Structure formats: structure tokens, C-alpha cells
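# Tertiary structure, described
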Amino acid sequence: MSSDSTASTPYLIRGATLPDGALTDLVLADGRIAEIGSGLSRAGATVVDAAGLIALPGLVDLHTHLREPGFEQSETILTGSQAAAVGGFTSVFAMANTSPVQDTAGVVDQVLALGERAGYVTVQPIGAVTVGLAGERLAELGAMATSRARVRVFSDDGFCVSDPLLMRRALEYVKAFDGVVAQHSQEPRLTEKAQMNEGALSSELGMVGWPAVAEESIIARDVLLAEHVGSRLHVCHVSTAGSVDVIRWAKARGIQVTAEATPHHLLLTEDLVVGYDARFKVNPPLRRREDVDALRAGLADGTIDIVATDHAPHPVEAKDCEWDAAANGMVGLESALSVVHAAVVDTGLLDWTDIARVLSRTPARIGRLSGQGQGLIVGAPAELTLYDPAASRVFGRGNLAGKSANSPYLAMSLPGRVLATFHRGYATVLDGALRPAAEIAAVGGRTHG
Amino acid sequence: MARTVLNQADIARALTRISHEILESNRGAENLVILGIPTRGVVLARRIAETIQRIEPTATNVRVGSLDVTMYRDDLGHTRTRTPSRTLVPGSIDGVTVVLVDDVLYSGRTIRAALDALGDHGRPTIVRLAVLVDRGHRELPIRADFVGKNLPSSTAERINLHLLEVDGDEFVSIDGGPPGGEHPDGVDTEAAS
Amino acid sequence: MRHLLSTKGLSQGEAIRLLDIAEDMADVADREVKKLPTLRGKTVVNLFFEDSTRTRISFEAAAKRLSADVINFSAKGSSVSKGESLKDTAQTLAAMGADGVVIRHPASGAPHVLAESGWIDAGIINAGDGTHEHPTQALLDAFTIRRRLHRGAARGKGLDGVTVTIVGDILHSRVARSNLWLLTTLGAHVTLIAPPTLLPMDMSGWPAESGFDLDAAIDAGPDVVMMLRIQQERMNAAFFPNSREYSRRWGLDDERFGRLAPTTIVMHPGPMNRGLEISSAAADSAGSTVREQVANGVSVRMAALYLLLSGDREDS
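About the thresholds
Residues numbered from 1 in each chain as written. Chains lettered and ligands numbered in written order. Predicted model: local features only at pLDDT ≥ 70, side-chain atom pairs only at ≥ 80, totals over all residues. Heavy atoms only, no water. Helix = DSSP H or I, 4+ residues; strand = E, 2+ residues; numbered from the N terminus. Buried < 20%, exposed > 50% of the residue type's maximum accessible area, 1.4 Å probe, protein only. Contact = heavy atoms within 4.5 Å. Lys, Arg positive; Asp, Glu negative; His and termini not counted. Charge placed at Lys NZ, Arg CZ, Asp CG, Glu CD. Domains from an automatic or database assignment. Buried area = accessible area lost by both parts, 1.4 Å probe. Salt bridge = Lys/Arg side-chain N within 4 Å of Asp/Glu carboxyl O. Expected span 1.5 Å × (residues − 1). Pairing = 2+ DSSP bridges. Axes fitted to C-alpha atoms, helices over the stretch in contact; angles between N-to-C directions. Polar contact = N/O pair within 3.5 Å; in protein donor to acceptor, adjacent residues only side chain to side chain. UniProt positions renumbered as here; feature names shortened; annotations may be inferred. Nonpolar A, V, L, I, M, F, W, Y, C, P; charged D, E, K, R; others polar. Parallel < 35°, antiparallel > 145°, perpendicular 65-115°, else oblique.

## Some points on the overall build of chain C
- Secondary structure summary: chain C contains 12 helices and nine strands in total.
- In terms of its C-alpha atoms, chain C occupies a principal-axis envelope of roughly 55 × 45 × 35 Å.
- Within chain C, buried positions represent 58% of all 316 residues.
- Taking the intrachain contacts of chain C between residues at least 6 apart in sequence as the baseline, contacts between residues at least 24 apart amount to 76%.
- A gap of 4 Å separates the mean positions of the 35 positive and 38 negative side-chain charges of chain C.

Here is the structure:
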């Protein structure tokens, strides 16, 4: 396949399987899906043989930590964008806990610009709810909303907006620009020095427990606040069976709440903590098998709206140490689709149209992100990924494209593999390989004019 | 094929002779402490003590005990971790004659360790060594004072020494052993078994 | 035995073997020369990230009685106290040729990480990690109980049918956890008594009874009562109202002590808060093993050091 294809070069994708199972060809031209149908041809197009591959709309991650500015030893917007592309993503929402914090128009616009320069995915900044994530006073939410970055998602992720009055005000205030508060639900007093899920295992290992009730009580409070003020609430990384119940109740009541689950909470359980390998340290922590099952069921019945990675890169030294001293978080962009495949597709709970919904359409809609999540229809922006569901691989360091290696899946066998990703009509990943940054910057920069 | 060199009666006769020799060399049973080296040396020590008591019924309190040498061995870092046996030294050994008893004398390293161990328990006037079998191949300047049977052997051969109390039967036999079947660390059969 | 990280993983055979060797080590203390040449040329590092003079000197005495060289490394309060410091420290000790590392660390699992990381190829003994385990303390407690019950004939025996009641801050106690696993492995029945706030939230996997009522536990006539030290700081964190109330409900005071059978063994890992969790009369009684526990600690730690450091390390 020619590597000098540029944005202006059309692509003819032959014999792809759509999420609903239909076989089709697709033509990508001028940054859009130009044609869908069988037996298509296009003069001058680069032909991609997609026999046996599923074409999914470009994945959208509502919860990514790109670490730039401030923590470039862990990840940069460029390397995080590359990790995203390798995972089949065409857009990521960049969490606000950078340094400086993304709590002003200046910082979010800088993140936006760095994302555009990298060119692999749409980097949509999230704004902090409170100044410096300190939980004391509101950040300039309106200024961020009207900045070039058009911020619609606000989150202090990493910290909970635990002050109920402040949370109420934030929920109310973002209504002015159709924003949403994405809450990291963690009652701080109930989780002081917490190290892992509170339960039989934490009792045995002598670790300070992170009780499910610390998550569930905040979600319960927040859905009631959202109902009271008539605002939108998004619940980040739901991790317990009780949380699923609370959200299910809130939705039945008509409260405007959406929720996400991470791939790791859909697959992994707390038992992995036994070896004290800090790669498995994450916040919220890995939970019990019952919780994993409840999350899967919640995702299947729509209680949980989306899957979001909570991709959280950390340098080696932050994990190569005793458990208590280790940082929370796992990288997840590169492995997300395979993990979701293993957790809910192979188990028969979701099909590929569901996957397109929970990993593309709905996250784009929650984040009010135009140009993403429109699905595979003629005229939509050419954002898609080609996935080989029959592949199987032992996940390794070589499958990671970001800067950090704190993946919990290393040496684990995972199904499927992303073979190509197209963003704005150009390939960011082709033949399973990431295209070089210089090439992407050249074509990506052009599309941004 | 194993070839029996001593049967139960031979062993009994050898121990009786050793007991007589000990009494002769000590001029009686006074001030005598007999210490066996575990496991089979302890059994032999007990039998010798009983025999001495039988020969000299007037002797009061022939003292017998055990001296484990595990902690004093020079090969601790080279083999599997050994489980020590119990040391029971009956009273003070200062100023007495100690007879160390072992089953098979080979490299002499066990006896070297025993002498060190003994020194940490006190200062006997005399230390003697009694063994049921001396198979040669000494690696240290050590010799036995009382020997049940000298059994010149090649290092490729294996000496099997069974005692009723430990093994359920009783004999001394010698195995041809495969070429190169020598105990790699040159330890006594007892210790290697 | 390559490392001694917890009692949970110890089989009954391994535990009894260690206790039997500790009996041999205890005999050495009665000799004229109280020293063995066994670990001559070996280096044992006491790596303490938390203060504990008692535990440190017990290990130091044990190592020295086995003729090992002892290096004391107190990492508490030094500039390295978090993050990669454990790795750096381990690599430093490896470069110095440490054969054994005795580690005390505030983080649960730190000894495990040290043993598994590949940073250092030494035998690791857990001398207390966070609120996880303190295996040598449990071994010395088991040794003490066994000696009390069987005197000179303790070798080879377990603790079949012995009833042990552990009282106090179970939630934060590594001693309780290590004892729970070891004593039950040895055949004892363990009951845990504490205020509800100081019991772990989920003990479904624990082979023990638990309860809140010390009086009922006393009246059940246990063979052993083990009182745990109560930390004053627990009071401030609202685990219980104040020391007076704690003492009234969960302290082994003179009245409760008087109701115990005279043969009951009274234990405390030390240091004691006299008048809080245990009365002076109980602590100083004939049934009290507090001082024996200290002496037995050296024997048990000698046995552990011997088992870890004497064999061919490749082989273990």
C-alpha cells in the first residue's frame, strides 16, 4: 500500500463488514464518506482490502489523560494521540488534570492546538470544574465554553467535586451552554489513604479499603442534585454493582444522567492485587466479580451509556515500587477495543452495533462533539476504523504506542486487532502500523487549513 | 548389586568389642560421656552405653547423649537446607572423656564439625572417636580410635548402613554404584542419605 | 525456604519444622557458648522503614548468634522515603552483597515486592508490613504457646484443639493476621474480639470466629488470651470514644483476668499499654508469657534466618 497517500488521496475500502453484518465497499474522499455500496471503484484511490474486517465508526473516548502540559514524561498530546489512533480512536476528550490545570480558556485552547498539530485524532479538551481542581471555587466555565476549544464537558477527574453546594452550582451553571459535569464519584473522607476495593481481600492483605459506598453515595447525591436543578450529569468510571442500581433508578425517574464504564472495570477483578503488582492499582479500584458482571449487564441494558478508557499513563518509577507509593491508573487506549471485545462481545452481551454506539455515537453526543460519532453514512466525516475480530494476540509492550507501559494487559491474551484507522479521510493507522508523525502532521495540518 | 558385609550379629559383636576397648582405654567407666552423632550415631552410642553398663554393672551413670553438627558443617551453602537434629549433652563435659560415635567415617568433615560443636559445649580432657565402619578417603587429618570394621571402598561405591531402631532392619552392605556415582560433596553416607 | 513473607503460605509441615529448629536454637541459649558458626560470612541487613527497636534488636541478636554480619539500615526519615526509594535501596543492598534482608515497612506488601522485583537476590524476611503480616511474631507466639503446653516434649507437635482468643485492634493488626493463619494451620481455633469498628469489614475468608463481647469470650474459657496493643491515634479517628471506654469493654482488667482459669496463657506482643488493654496484674501473672515471648523471638528468628540463608539458594 502506498505510504504517500495524503488527505487528497481517496481510499477505496473493499469488502468491509458493517457493524450490522452487511458487506460493503466504502469510498473516502475529501474527508468524508463519499460512497457506500458494493462493487465500488474510484480512480486513483488507494485500495484497502477489508475482507473479514469490521468497519466501525471512529471510536470516541470521553475520558483520556494526555498529561500535557505538565507531565510530558508520562505522555504528550502527540504520543497520546498516537496511542488513540492505534486503538481505533479518532477523537479523545483530554482530562483537565494537567499542569497548569485546564481551568482557563488559554490552557484548553493550547491543548486543542497541540492536538491539531499532532493530527492523529480530534483532541477535545475537558475543562476543570473548579480552579486548580481544588474544589473551592468554580473555574471560568463560560470562558472555556466560548473559547476556540468550545468546551462542553467539565470535570475535576482525579478529584471528586465533593462539596454539595459547589456541585449544585456547577450543574446549574453549565446549563447556560449545554454543558455537562463529569463527576469522579469518590467521597473523600470515606476513601482516605484507600488502596484497593474494600472487602474480604483488602481485609486479608491489610490494605486500606475503598468502599463501594463511597462511590454510590456520591452518585446518589449527584443524580438527586441533577434532578433538582434540571441539569445533565455524567458519571465517570462507574465501578460497583450498587452504582449501576442507583443510575438505573435515576434513569427510570427521568433524570438526565449518563454513565461510563472503563474497559478494565469490565474485565479485571480485585484478585489481581494479590501479587502487589502496581500495574493493577487504579482509581476507582478493581472490584469483585459481582461488580464486573453488574457493569456488563448495565452496559447491555443501557444503564451505562458508554465505555471510556480513563487512559492514565505513568512513568516506570511511579509503578515500580511498593503498592502504597504507586500511582493510580492504567493506559488503555491501545487495548480498549480488544478488552471490550473480550468482556462484552465474546460473552454475547453486546453486538458490534452496540459497540459503535457505546464507543462512538453516544460519547460524541454526551460531549456535544460535532464531526464525530455520526456513524458510517454517506456524507459523514470519514472517521472510521477497521478491526479484525478473528485475530488474537498476546498483548505486549510492542502493542503500546503511547509513552508509558503501565498496561494491566501485558502478557495477557486478547482478541482482535485494529488494522486501520481513518481520521478526516486520511489513514493514521494502516496495515496495523501507525503512520509516522511527520506524514500525519503534513496531511492533518492541511485539513485544518 | 548390594553385597552384605556385616549382618546383625556381626554388628552386635563389633559394638561389644568397641565397648570393651573404650573401657580398657578409659580404665573403667568413670568420667565417661558417650555422644552419638545423629541419626544412627545416636543409636550406636546408646547401645555402646548399655553394653558398657552390662560389662561394668558397678559403674554409676554412664552418660550418653547426642551431638548434632548441622550448624557447624562447612557445606551448608552447597546443599539443600538441612533439618538439624536435637543435641542433648548430659551435664557438663568439662574434664571428662568424651567418646564421639558415628556410623560411617568417610571424609572426616562430620567429625571436624563435631569437634567444633563439642568445643562450644565445654572442655573435655580427652575426645575419642568410635565408628562402626571406616571406609577410608579421609579429606582431613582425622582418624578413629575404635573401629567396628575397616571397609576399603572406592569412592564410586556406596555403603548402606541400616539399624533396627531407624530402618527396621540391620546390616551393612556395599553397592557397586554406577561410574561417577560418588557423592559429589564427599559427605558421609549417613549425612547424604 | 527462599523467603518468609507471610504465614498464610506456610504449610503445617514447614511451620512445625521451623518451630522445631527454634527449639534447637533455644537450647543454644542455655550453653556456655551462645553462638553458632552457621552463617559465618553471610550478611544480614535490617532494613527498617519504621521504628521498631524491639524487633530490630531481636533480629540483630538472632543473626549475630548465627555469626552473620549485621548491617542496620534505618530508612525512616531519610530523604528517600517514597516512590523508587525501595528499588534504589534494594539495589544498594544488593551491591553490598546482602544475603538476607529483614524488612519492616509501613506499606502492606512491600516485602513481597522486594522479593519478587528482581532488584535483589537475597532472602527476604518480613518483619512487619503495614497492616498485613508479621510472620516471625506469629511464629514466636506459636512457639511460646507450644512450649507452655508441652514443655520439653514440644518438638514435632502442632496446636491441635488449642483455643486462642485475640483481643483488640484486629483491623490494623499484622500480628493478628499472621497469628490467624499460622495458629489455624497448626490446628488451633481462633476467636477475634474487638469493637465493631476495629474488625475488618469483611472476614468471610478468615478461618476464625469473631465477636464484640470480651466477657463472653472470657467465660468461654480459652486456653490462650492474646491482647493486642491499642494505638492512641485510633481514638482520634473515631474508632472508639476514649481509652476509658475501650478499657472498660475490651481491656483485660483484674476482674476479667480473675475469671480466667489459672492455666490460661496470657500473651501480648508488646509494647504494652498497662491499664489500657491489659492490667499490670494480668501482665505480670504466672500465666503471662510476655517476657518469654521476647526470649523466644530470638530463637524463632534464628530458625528463620537459618532456613533462609543456609541452603544452596539456587536450590530453594
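## Notes on the domain arrangement of chain C
Residues and elements named next belong to chain C.
- Looking at chain C, the domain boundaries give domain 1 (12-134 + 295-309) and domain 2 (135-289).
- Each of domain 1 and domain 2 has a C-alpha centre, and the two are 25 Å apart.
- Contacts between the two partners involve 29 residues from domain 1 and, on the opposite side, 31 residues from domain 2.
- A buried area of about 2500 Å², summed over both sides, lies between domain 1 and domain 2, and 56% of it is on carbon and sulfur atoms.
- Area buried by domain 1 at its contact with domain 2 is led by Leu 19, Glu 23 and His 134, which between them contribute 28% of it.
- Taken together, the connections running from domain 1 to domain 2 amount to six salt bridges.

## Some words on helix H1 (residues 12-28) of chain C
Residues and elements named next belong to chain C.
- In a regular helix each residue adds 1.5 Å, so 17 residues correspond to 24 Å; H1 covers 25 Å between its end C-alpha atoms and thus fits that length.
- Of all 17 residues making up H1, 12 are buried, and the element is well covered by its neighbours.
- Listed in full, the buried residues belonging to H1 are Ala 15, Ile 16, Leu 18, Leu 19, Asp 20, Ile 21, Ala 22, Glu 23, Asp 24, Met 25, Ala 26 and Val 28.
- For H1, the secondary structure elements touched by its buried residues are helix H5 (135-150), helix H6 (174-185) and helix H12 (290-309).

## As for the pattern of salt bridges
- Overall, the coordinates contain 52 salt bridges over all chains when judged by the stated rule.
- Two residues, B:Arg73 and B:Asp75, come together in a salt bridge whose shortest N-O distance is 3.3 Å. The pair B:Arg73 / B:Asp75 is uniform in exposure class, with both members buried.
- Because the salt bridges share partners, they merge into one network encompassing C:Asp215, C:Asp219, C:Asp253, C:Glu255, C:Arg256 and C:Arg259.

## Quick notes on the sheet that holds strand E5 (residues 126-134) of chain B
All names here are of chain B.
- The strand order E3-E2-E4-E5-E6 describes an open sheet built from five strands, whose pairing is parallel. For this open sheet the edge positions go to strand E3 (63-66) and strand E6 (146-150), each flanked by a neighbour on one side alone. In this sheet, neighbouring strand axes are inclined to one another by 20° on average, regardless of whether the strands run parallel or antiparallel.
- As judged from the four bridges shared by strand E2 (residues 32-36) and E3, these two strands associate in the parallel manner. Bridge pairing in E3 links Leu 35 to Gly 65.
- Packing of helix H3 (residues 109-119) onto the sheet brings it into contact with E2, strand E4 (97-105) and E5, and relative to E4 it is tilted by some 155°.

## Some remarks on the interface of chain B and chain C
- Taken together, the 18 residues of chain B in the interface contact 20 residues of chain C.
- Buried surface at the junction of chain B and chain C, both sides included, amounts to about 1600 Å², of which 49% is carbon and sulfur.
- Taken as a group, B:Met71, B:Thr81 and B:Arg86 account for 37% of the area that chain B buries against chain C, more than any other trio of residues on that side.
- Between the two partners, chain B and chain C, sit two salt bridges.
- Of the charged contacts, one joins C:Asp27 and B:Arg86 as a salt bridge, the two residues approaching to 3.9 Å between their closest N and O atoms.
- Viewed at the interface, chain C and chain B are joined by nine residue pairs in polar contact (both at pLDDT 80 or more).

## Focus on the UniProt feature "domain: Aspartate/ornithine carbamoyltransferase Asp/Orn-binding" (unreviewed entry) in chain C
- Annotation from UniProt places "domain: Aspartate/ornithine carbamoyltransferase Asp/Orn-binding" (unreviewed entry) at residues 160-308 of chain C.
- Annotated as 40% helix and 14% strand, the span residues 160-308 of chain C places its first and last C-alpha atoms 27 Å apart.

## What to know about the interface of chain A and chain C
- Between chain A and chain C, the contact holds 17 residues from the first and 24 residues from the second.
- For the pair chain A and chain C, the two sides together bury roughly 1700 Å², of which 53% comes from carbon and sulfur.
- When the area that chain A buries against chain C is broken down by residue, the three leading residues are A:Glu204, A:Tyr276 and A:Glu322, summing to 35%.
- Our count for the chain A to chain C interface comes out at two salt bridges.
- Where chain A packs against chain C, one counts nine residue pairs in polar contact (both at pLDDT 80 or more).
- Of the residues assigned to the side of chain A that touches chain C, the class counts are seven nonpolar, four polar and six charged.

## A closer look at the packing of helix H7 (residues 241-252) of chain A against helix H9 (residues 289-301) of chain A
Residue and element names in this part refer to chain A.
- Contact pair H7 / H9: the axes reach a minimum separation of 8 Å and the direction vectors enclose 25°. Taken together, H7 and H9 sit at an angle that is classed as roughly parallel. Taking contact as the criterion, the partners of Ala 241, Val 244 and Arg 248 in H7 are, on H9, Glu 290, Asp 291, Ala 294, Leu 295, Gly 298 and Asp 301.
- Each residue belonging to the contact of H7 with H9 can be placed in one class, and the counts come to four nonpolar, one polar and four charged.

## Points about the sheet that holds strand E2 (residues 69-74) of chain C
All names here are of chain C.
- As summarised here, the arrangement of the four strands in space is E2-E1-E3-E4, forming an open sheet in which the pairing is parallel. Two strands lie at the open edges of the sheet, namely E2 and strand E4 (123-129), each paired on one side alone. Direction aside, neighbouring strands of the sheet carry axes that sit 15° apart on average.
- Examined bridge by bridge, strand E1 (residues 43-48) and strand E3 (residues 100-105) share five bridges and lie parallel to one another. Bridging across to E3, Val 44 finds its partner in Gly 100.
- Contacts from helix H2 (residues 53-65) reach E1, E2, E3 and E4 within the one sheet, and its direction differs from that of E1 by about 180°.

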